[in-house]
Amino acid sequence: YALEGEFEVKFEFLETVLMETNRKFDVPYASKATELVKVIEDKGDFISLQHILVMFMKDPHTGEVKGPMLVKHWRQDWKWNPTDRFEFQGDNEWSVKTLRRREAQGKWRWDVYQVDDSPRYSGLGKWTHLKSASTFSSDLMSRPLPRREFSVRSDYKVLLGTDTLVVTSKSWFHEQRNFKHQDRLGEGGEKNQSNLLAREIGHNSYV
């Protein structure tokens, strides 16, 4: 429930490493929004949170501000001691991986879904609770191109990344470290590092 509330949100992404020196860094991305995050289901070993954008629109003719308008955004589900997870292969193809007991025992599976409820990514990790903050760190996850890039980029097909959540008493932060992978993943989700194009860092703040 520490992730629940009304937040001012900032989304920031920056390419930091290029695998090919003849390329140029992509233009940094930044946007902001107001979001409502609400727990919509809690079964103890399964928790679901829905993100809702709160938007205000300015009439270009009169200058009048209208709103608030509520727009469904992404959703995150948390499953304790899961038995499987989904993995993105590229070319709009997903696979379901069965997890060994030792892989998932004592861990949460963090599933993120897009606006249309299609999967975005799925990762395993543990929460660490400190005096001033709690953190969650995922394993390596595969995901499609984000909405901010799929209409303007065609030189890579898969994002491979690890995510970290940092939760404080009044805010939380979502950090991403992604590799842009040029091809689909191999058989069994094999991740060929020679096909990496660039490294991207993302920072999303919920205050």
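One can find the structure itself at the top, above this paragraph.
To start, this report covers the structure provided alongside it. (Residues numbered from 1 in each chain as written. Predicted model: local features only at pLDDT ≥ 70, side-chain atom pairs only at ≥ 80, totals over all residues. Heavy atoms only, no water.)

### Let's talk about the overall build of the protein
Argument step 1. In terms of helices and strands, the protein carries two helices and 13 strands.
Argument step 2. A compact globule built from 207 residues would reach a C-alpha radius of gyration of about 17 Å, and the protein, at 18 Å, matches this within 12%.
Argument step 3. Taking the principal axes of the C-alpha coordinates as reference, the protein spans close to 55 × 50 × 35 Å.
Argument step 4. Across the 207 residues that make up the protein, the buried fraction comes to 41%.
Argument step 5. If you take every contact in the protein between residues at least 6 apart in sequence, the share linking residues at least 24 apart comes to 55%.
Argument step 6. On the protein, the mean spot of the 32 positive side-chain charges and the mean spot of the 31 negative ones are 4 Å from each other. (Helix = DSSP H or I, 4+ residues; strand = E, 2+ residues; numbered from the N terminus. Rg over C-alpha atoms; globule rule 2.2 N^0.38 Å. Buried < 20%, exposed > 50% of the residue type's maximum accessible area, 1.4 Å probe, protein only. Contact = heavy atoms within 4.5 Å. Lys, Arg positive; Asp, Glu negative; His and termini not counted. Charge placed at Lys NZ, Arg CZ, Asp CG, Glu CD.)

### Notes on the side chain of glutamine 76
Argument step 1. Summarising the element assignment, glutamine 76 is placed in strand β4 (residues 65-80).
Argument step 2. In this structure the side chain of glutamine 76 is engaged in a polar contact, spanning 3.0 Å, whose partner is the side chain of histidine 51.
Argument step 3. Side-chain polar atoms of glutamine 76 contact the side chain of tryptophan 78, separated by 3.1 Å.
Argument step 4. Once you skip the residues sitting within four places of it in the chain, glutamine 76 turns out to touch Leu3, Ile47, Ser48, Leu49, His51, Trp110, Asp111, Val112 and Trp172. (Polar contact = N/O pair within 3.5 Å; in protein donor to acceptor, adjacent residues only side chain to side chain.)

### A look at a nonpolar patch on the surface
Argument step 1. Judged by side-chain polarity, Met55, Met57, Met69 and Val71 come together as a nonpolar surface patch covering roughly 310 Å² of accessible area.
Argument step 2. At the level of secondary structure, the elements contributing two or more residues to the nonpolar patch comprise β3 (46-58) and β4.
Argument step 3. On the secondary structure map, methionine 69 appears in strand β4. (Patch = residues over 30% accessible without salt bridge, like charges linked within 9 Å, V, L, I, M, F, W, Y side chains within 5 Å. Areas by Shrake-Rupley, 256 points an atom, 1.4 Å probe, with all protein chains shown as cover. Salt bridge = Lys/Arg side-chain N within 4 Å of Asp/Glu carboxyl O.)

Spatial relationships are all this shows, so hold off on functional conclusions.
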